[in-house]
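# Structural features, examined
Chain by chain, the residues run as shown.
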Amino acid sequence: MNLIEELTWRGMFHDAMPGTAEHLATNAPITGYIGFDPTAASLHIGNLATIMLLVHLQRAGHRPVALVGGATGMIGDPSGKSAERNLLDEATLRHNQAGIQAQLEKFLDFSAGPTGALVVNNYDWFKEIGFLGFLREVGKHLTVNYMMAKDSVKRRISGNEDSGSDGISYTEFSYQLLQGYDFVHLNKMLNCTLQMGASDQWGNITTGTELIRRLSNAEEREAKAYALTGQLITKADGTKYGKSETGTVWLDPALTSPYQFYQFFLNSADVDAPRLIRVFTLLSEPEILAIEAEHAAAPHLRTLQKALAADVTTRVHSAEATEAAIAASQVLFGGGDLASLDEATLLDVFAGVPHLRVLRAEMTELNTTTFLSDFTLHKIFPSKGEARKMIQAGGVSINREKVASPDASVAALQHLAGKYLVVQKGKKNYFLVELV
């Protein structure tokens, strides 16, 4: 199965320039690239869908190149934006680039050979180019009319108060020319003949193919250049995919923990999960169809979401991180060992429950009735009487152990991660008590 066929059955293919399929079929291995914006130290779920285009390019026998836009990151891409963004300094961009490259190495094979992946930084060639030289040698080959015809530019130029746009600066207007020159440079230096990206990048990508055509004609040399875009990943309701209740879902575990990452995919809606498992995993079509059939037989078991979450979390983080995330996710459903969770995961699991802080030194002489009422400022039980009554009815647990008696001492309780107690009141009411 060739690249376009693979992307098509997965629902990832959006468009390609005429001749792209034939070029891929008859010139293997070709070199293709995608640009990544280094304005954050980590890539996110939206980037992962684009990374998968490079993964499939390499699996189809071609060479993937990831371009980290150290130079264009200082400018800002107007595509999909209504306002100018803040520009970053070089030191920040270099830091971000290092983090992005480390993440890309988890997905692409960088070993030597004709299909070995490369990471390049466009700052490395733009820093050698002067402003006047760029205008003279490159800028003259694209007209302002051509550049203004791009949708991303037209939306910003025609912006009004209702759209939140205040127009576009020359800085961002020039972005497509700079990105187009990236393709020119890679075409010359690496014989790169394909640029890929999400569908909203079509205008910038075709600027590159047009610039290659015009420059090669002016230089009387032969050059090939093609474009291929993937579908933007959206939810069934059309909203952008990649945000959780707490914000962007990052690939960096310091920004989005493996547990939160796993939960994000586990909570995918049934209507979205079939597409997501095709885009974000490398499972074959027969494997996916078998999982979907099993899921359809018992949707409440969420077989499809579990397979999706486990696969992606393992590739982004590790098998060990996935096992820990699965164990942690079972905690709220009556399974799993609370004592096995580290502090960060424990806080993730109980992020949505009331978090109470109490003085450790004052707990030694308390019984459970007083602890669950007066000592916790009546946040768990409003009175000792109600606490005693529910304890006697067997409706209170601390760290998953039933409280046997209203007069039981709390001094002997095991502290999770050295300083926490998880109180369960009834079937669904949880409280996280931190000892300080």
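Above this text you will find the structure in question.
Note that the coordinates shown come from a computational prediction; the quantities given were computed from them, not determined experimentally.

Turning our eyes to something else, we now look at the overall build of the protein chain. Helix and strand counts for the protein chain stand at 19 helices and 13 strands. Projected onto its principal axes, the C-alpha positions of the protein chain cover 90 × 45 × 45 Å. A total of 436 residues make up the protein chain; the buried ones form 48% of that total. Residue pairs in contact within the protein chain that sit at least 24 positions apart in sequence constitute 73% of those at least 6 positions apart. Of the accessible surface of the protein chain, which amounts to about 20600 Å², a share of 53% is contributed by carbon and sulfur atoms. Of the charged side chains in the protein chain, 39 are positive and 48 negative, and the gap between their average positions amounts to 3 Å.

As a further point, take the sheet that holds strand β12 (residues 420-425). Strand pairs in the sheet, formed through backbone hydrogen bonds, run parallel or antiparallel to each other. As summarised here, the arrangement of the five strands in space is β9-β13-β12-β10-β11, forming an open sheet in which the pairing is mixed. Two strands bound the open sheet, and with one partner strand each, they are β9 (355-358) and β11 (401-402). As judged from the six bridges shared by β12 and strand β13 (residues 429-435), these two strands associate in the antiparallel manner. By the bridge assignment for β13, V423 is matched with F431.

This next bit is on the pairing of β13. Within β13, six of the seven residues are buried, which leaves it mostly tucked inside the rest of the structure. Note: β9 against β13, four bridges, orientation parallel. Counterpart to R357 in the pairing with β13 is E434.

Our next topic: the sheet that holds strand β4 (residues 118-121). Pairing is mixed in the open sheet, where six strands are placed in the order β1-β6-β5-β2-β3-β4. Two strands bound the open sheet, and with one partner strand each, they are β1 (13-16) and β4. Direction aside, the axes of adjacent strands within the sheet are offset by 25° on average. For strand β3 (residues 63-68) and β4, the ladder comprises four bridges, and the chain directions are parallel.

Mapped onto the secondary structure, T31 falls in strand β2 (residues 31-36). Residue classification places T31 among the buried positions, given a relative accessible area of 8%. Beyond its immediate sequence surroundings of up to four residues, T31 is in contact with R63, V65, L190, N191, C192, T193 and L194.

Quick look at the pattern of salt bridges now. A pair can form between side chains of opposite charge whenever their charged atoms are brought close. Enumeration according to the criterion identifies 10 salt bridges in this entry. As a salt-bridge pair, E6 and R10 come within 2.7 Å of each other at their nearest N and O atoms. With a relative accessible area of 2%, R10 lands in the buried category. Between E434 and R357 there is a salt bridge; the shortest N-O distance is 3.2 Å. One end of the pair, E434, is in strand β13; the other, R357, is in strand β9, with 77 residues separating them in the sequence. Of the residues examined, E434 reaches a relative accessible area of 9% and is grouped as buried. What you see here is one network of salt bridges that share partners, running through E343, R357, K419 and E434.

Turning our attention to a nonpolar patch on the surface. Where nonpolar side chains cluster on the molecular surface, the patch consists of F131, L132, L135 and Y170 and spans about 480 Å² of accessible area. The greatest single-element share of the nonpolar patch, amounting to three residues, is contributed by helix α6 (residues 131-137). You can see L132 is positioned in helix α6. Its relative accessible area of 68% is what places L132 among the exposed residues.

Of all hydrophobic cores here, the largest spans 54 residues; its most connected members are I45, L48, I51, L251, F265 and F280. Here the element with the most residues in this core is helix α3 (residues 45-59); it accounts for nine residues. Apart from the residues lying within four places of it in its own chain, the contact partners of F265 are I45, Y241, F280, Q305, L308, A309 and V312. Among the nonpolar cores identified, the runner-up in size contains 25 residues, and V120, W125, F134 and L142 belong to it.

A few words now on the packing of helix α14 (residues 285-297) against helix α15 (residues 303-316). Two numbers describe how α14 lies on α15: the axes approach to 7 Å, and their chain directions differ by 140°. When the axis of α14 is compared with that of α15, the two are oblique. Facing α14, whose interface residues are I291, E292, E294 and H295, α15 presents T303, L304, Q305 and A307. Classifying every residue of the contact of α14 with α15 by side-chain character gives three nonpolar, three polar and two charged.

Attention now goes to the packing of aromatic side chains. One pass over the structure, following the stated rule, counts nine aromatic pairs. Consider the rings of F126 and Y181, whose centres lie 5.7 Å apart with planes at 55°: the pair is tilted. In this pair, F126 is assigned in helix α5 (residues 123-126) and Y181 in helix α10 (residues 175-190), connecting sequence segments 55 residues apart. For Y181, a relative accessible area of 16% puts it in the buried group. Pairing F264 with F265 gives two aromatic rings, centres 5.5 Å apart and planes at 85°, and the pair type is edge-to-face. For the cation-ring pair, K425 lies above F381, with the distance from its terminal atom to the ring centre recorded as 4.7 Å.

Here is what the cut-offs are and how they apply
Residues numbered from 1 in each chain as written. Predicted model: local features only at pLDDT ≥ 70, side-chain atom pairs only at ≥ 80, totals over all residues. Heavy atoms only, no water. Helix = DSSP H or I, 4+ residues; strand = E, 2+ residues; numbered from the N terminus. Buried < 20%, exposed > 50% of the residue type's maximum accessible area, 1.4 Å probe, protein only. Contact = heavy atoms within 4.5 Å. Areas by Shrake-Rupley, 256 points an atom, 1.4 Å probe, with all protein chains shown as cover. Lys, Arg positive; Asp, Glu negative; His and termini not counted. Charge placed at Lys NZ, Arg CZ, Asp CG, Glu CD. Pairing = 2+ DSSP bridges. Axes fitted to C-alpha atoms, helices over the stretch in contact; angles between N-to-C directions. Salt bridge = Lys/Arg side-chain N within 4 Å of Asp/Glu carboxyl O. Patch = residues over 30% accessible without salt bridge, like charges linked within 9 Å, V, L, I, M, F, W, Y side chains within 5 Å. Core = buried A, V, L, I, M, F, W, Y, C linked by side-chain atoms within 4.5 Å. Parallel < 35°, antiparallel > 145°, perpendicular 65-115°, else oblique. Nonpolar A, V, L, I, M, F, W, Y, C, P; charged D, E, K, R; others polar. Phe/Tyr/Trp six-rings, centres within 6.5 Å; stacked < 30°, edge-to-face > 60°. Lys NZ or Arg CZ within 6 Å of the ring centre and 35° of its normal.

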